[in-house]
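Next come the chains, spelled out residue by residue.
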Amino acid sequence: MNLEYLLIKPVTPIRLGSVKPNSQFLSTVDYISGSVIRGALAEYMKRLGKESSIKKLVENSYFSFFYPSNSPETPSYPFPLTSLTCKNNPGFKSDGEECHGVFSQLIPIIALKELKLLGAEFPVDLNFKCDNCGSRMDGITGFYMKGDYYKKVKTEKFSQTKIALNRLTKTSEKGLIYSITALKPEKLFFIGSVYSEEPVAEKIEEALNTVGVGSHTTRGYGRVEAQIIKPPVFESLDERIKLFNETLRKVWAELLSIALDKSNLPKEPEDEYFTIDLLSPSILDDNNMPTLNLKLDFKSESLKQILFLAQPVFISGWSTAYNYFKPTTYGAAAGSVYVYKTSKNLGELIPLLEKLELDGIGRRRGEGYGEVKICMPFHREVNPI
Ligand SMILES: [Zn+2]
C-alpha cells in the first residue's frame, strides 16, 4: 500500500458542502471530505473518457479528509472533544495577547477517575477555571495546527447573492435569487492523504488542477493548485504512547498530593493507557446497530476501555461519481476520544495500533471516515498554552 500526501491551495473562493436542492442559502464547511476528492478524480476520468478505469482507481483507495491550515507546511487536526479554553478569552496564547490558552482535560480526567475507583477522596471536585481571569472554561471546536507554536486555524467566509439563470433563455428567472457562502482563498491551504494499493496521488493532482474542488466550479469557484508533498513530520507511535503515560504519571502524582487518604493509594498508575482519537467522523456499528462507542477486538484480554467521549454527527453525501444521494446515517464526530488500559506491556500492542492508524475504523473508509491516531500529542497539554 502507498501513503501519499497532497497540498491543495485554493486560487478562487471555494464552497464545500452538500447540495441542498431546495435551499436558497448555500453554506460551506471548512474542510474537504474524502468523497469530494474521490468525486473530483472520478469526474476527471469521465472527462478523459476513461470511465472504465474509475472503479479500479477508487476501489482500493482511502481518500482522507483534507483539513484547512494557514500554512502550506503544517497540517491541522480537529480539536479533541476534551479541549477546553477560557470562556471569555478563547484561543491559544500564541493566537493573540488577549487569548488565555487551550488545554486537553483528558489526562486529568483519566487520573481522577482511576484514583476514585481505587477509593481516593478529594476535598473539592475537579473544576477547571481560567488561570488568567478565573472565568469558566468552554469547549473549543475547529482545527489546530502546530508549527513552532499551537495555533487555531482561521478560515474566512463571505457570502454573495446570485441570480439563477434560466438555462434555456439565459435570462434571470423571477424569484430565483440565492445566496452562496464560500471560503476566501487567502492564507488557506488544505492538507490530506490517500492510502492506496497503486500510487494514485499524481492522478488526483491532475484531477484537482483540472476540475477544481467543491461546488459551483463552473461559476469560477473552487479553482485550486494541488501538489504532492512529503509526509508531514509526526511523532512516532512509541514516542506518543510513552509521553502520554509519562504525563499521566505526573498528573496522577499531583492529584494524589491533594487526596485526603493518600497513604493507601498507588504512587503511580499500575497499568498503561492509550487513546484512540478520531481524526474524521467514524461510522461505527455494534451488531449492525449504529453506535457511538468503539468496540475493539484485540488479542489481549486484559485490554479494557475505561472511558470515551463522543458526539454524534449526521453524515450524508452526494456521489458525484454515481450521481445519487448517499443514505444519511450518523457517526461519531471527529475529535471523539476512546481510552483503554492494559496491564500488559503496551509494546505487544504496537503492531495492532500501527495497523489501526493505517486502516482506520468503521464503514466508508474509502471516503476518509474513521481515520484515527493513537495518543494525540495535544492531550499532553494539560495546562493552558
Ligand atoms: Zn480567561
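Residues numbered from 1 in each chain as written. Predicted model: local features only at pLDDT ≥ 70, side-chain atom pairs only at ≥ 80, totals over all residues.

(A) Spotlight on the overall build of the protein chain. A count of helices and strands for the protein chain gives 6 helices and 22 strands. Relative to the compact-globule value of 21 Å for 385 residues, the protein chain shows a C-alpha radius of gyration of 23 Å, a close match. Dimensions along the principal axes, computed over C-alpha positions, put the protein chain at roughly 85 × 45 × 40 Å. The buried share of the protein chain, reckoned over its 385 residues, is 40%. Residue pairs at least 24 apart in sequence account for 75% of intrachain contacts in the protein chain once pairs closer than 6 positions are excluded. (Helix = DSSP H or I, 4+ residues; strand = E, 2+ residues; numbered from the N terminus. Rg over C-alpha atoms; globule rule 2.2 N^0.38 Å. Buried ≥ 20, exposed ≤ 12 C-beta atoms within 10 Å, placed from the backbone. Contact = placed C-beta atoms within 7 Å.)

(B) The domain arrangement of the protein chain, seen in detail. The domain boundaries assigned to the protein chain delineate domain 1 (2-75 + 184-229) and domain 2 (102-126 + 235-380). Computed from C-alpha coordinates alone, the two centres of domain 1 and domain 2 are separated by 29 Å. Tallying the contact residues gives 17 residues for domain 1 and 13 residues for domain 2. Of all the secondary structure elements, the ones that give two or more residues to the side of domain 1 that touches domain 2 are helix 1 (34-47), helix 2 (54-59) and strand 3 (61-63). It is helix 1 that provides the largest number of residues to the side of domain 1 that touches domain 2, a total of 6 residues. Residue classes in the side of domain 1 that touches domain 2 are distributed as 8 nonpolar, 7 polar and 2 charged. (Domains from an automatic or database assignment. Nonpolar A, V, L, I, M, F, W, Y, C, P; charged D, E, K, R; others polar.)

(C) Representation of the sheet that holds strand 22 (residues 372-374) in the model. Sheet architecture is open: 4 strands sit in the order 18-21-15-22, paired in antiparallel fashion. If you trace the sheet from one side to the other, it starts and ends with strand 18 (304-309) and strand 22, each paired once. Along the sheet, successive strands turn relative to each other by an average axial angle of 20°, direction set aside. Summarising the sheet, strand 18 and strand 21 (residues 337-342) pair through 5 bridges and their orientation is antiparallel. Pairing of phenylalanine 308 across the sheet is with tyrosine 338, part of strand 21. Across the sheet, helix 3 (residues 106-117) touches strand 15 (272-278), strand 18 and strand 21, and the angle it forms with strand 18 is around 135°. (Pairing = 2+ DSSP bridges. Axes fitted to C-alpha atoms, helices over the stretch in contact; angles between N-to-C directions.)

(D) Summary view of the packing of helix 1 against helix 4 (residues 201-211). Between helix 1 and helix 4, the least distance of the axes is 8 Å, while the angle of their chain directions is 80°. The orientation of helix 1 relative to helix 4 falls into the category roughly perpendicular. Of helix 4, the residues touching helix 1 (which contributes Ile37, Ala40, Leu41, Glu43 and Tyr44) are Lys203, Ile204, Glu206, Ala207, Leu208, Thr210 and Val211. Considering only residue class, the contact of helix 1 with helix 4 consists of 8 nonpolar, 1 polar and 3 charged. (Parallel < 35°, antiparallel > 145°, perpendicular 65-115°, else oblique.)

(E) Geometry of the nonpolar core. Membership of the largest hydrophobic core comes to 96 residues, with the highest contact counts inside it found for Ile8, Ile32, Ala40, Leu41, Phe66 and Ile204. Taken together, domain 1 (2-75 + 184-229) and domain 2 (102-126 + 235-380) each give at least three residues to this core, which thus spans both. (Core = buried A, V, L, I, M, F, W, Y, C linked by C-beta atoms within 7 Å.)

(F) Just the sheet that holds strand 5 (residues 76-78), in detail. Spatial strand order, 5-9-10: 3 strands in an open sheet with antiparallel pairing. Where the open sheet ends on each side, the last strands, each with one partner, are strand 5 and strand 10 (150-152). Shown here is a sheet whose adjacent strand axes are inclined to one another by a mean of 35°, direction ignored. One ladder, built from 3 bridges, connects strand 5 with strand 9 (residues 143-146); its direction is antiparallel. When the bridges of strand 9 are listed, proline 78 appears paired with phenylalanine 143.

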